[in-house]
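# Architecture at a glance
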Amino acid sequence: MLGYVVGGAAVGIVIGHLIPPGHFFWFTVGAIGGCLAQRYLYRKY
């Protein structure tokens, strides 16, 4: 799970450089997205 959260956060940081509202918002969205993706993939497969 940690890998998905860290991966999502890293993607969020990259997106935060390009799109407003900034790094912290996209970091949070990426971390939550990574957690949800891991839960979805774990339950589906």
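This structure is a prediction, so every number in the text was calculated from the model and none was measured. (Residues numbered from 1 in each chain as written. Predicted model: local features only at pLDDT ≥ 70, side-chain atom pairs only at ≥ 80, totals over all residues. Heavy atoms only, no water.)

Scanning the protein from N- to C-terminus turns up two helices and zero strands. Principal-axis analysis of the C-alpha atoms gives the protein an extent of 35 × 15 × 10 Å. Residue burial in the protein is summarised as follows: out of 45 residues, 24% are buried. Accessible surface, the protein as shown: approximately 3500 Å² in total, 76% of it carbon and sulfur. (Helix = DSSP H or I, 4+ residues; strand = E, 2+ residues; numbered from the N terminus. Buried < 20%, exposed > 50% of the residue type's maximum accessible area, 1.4 Å probe, protein only. Areas by Shrake-Rupley, 256 points an atom, 1.4 Å probe, with all protein chains shown as cover.)

Position of F27 among the secondary structure elements: in helix α2 (residues 23-44). Placed 18 residues apart in sequence, F27 and A9 show a C-alpha to C-alpha distance of 4.8 Å. Apart from the residues within four sequence positions on either side, F27 is in contact with A9, G12 and I13. (Contact = heavy atoms within 4.5 Å.)

Honestly, it's all geometry; don't read function into it.
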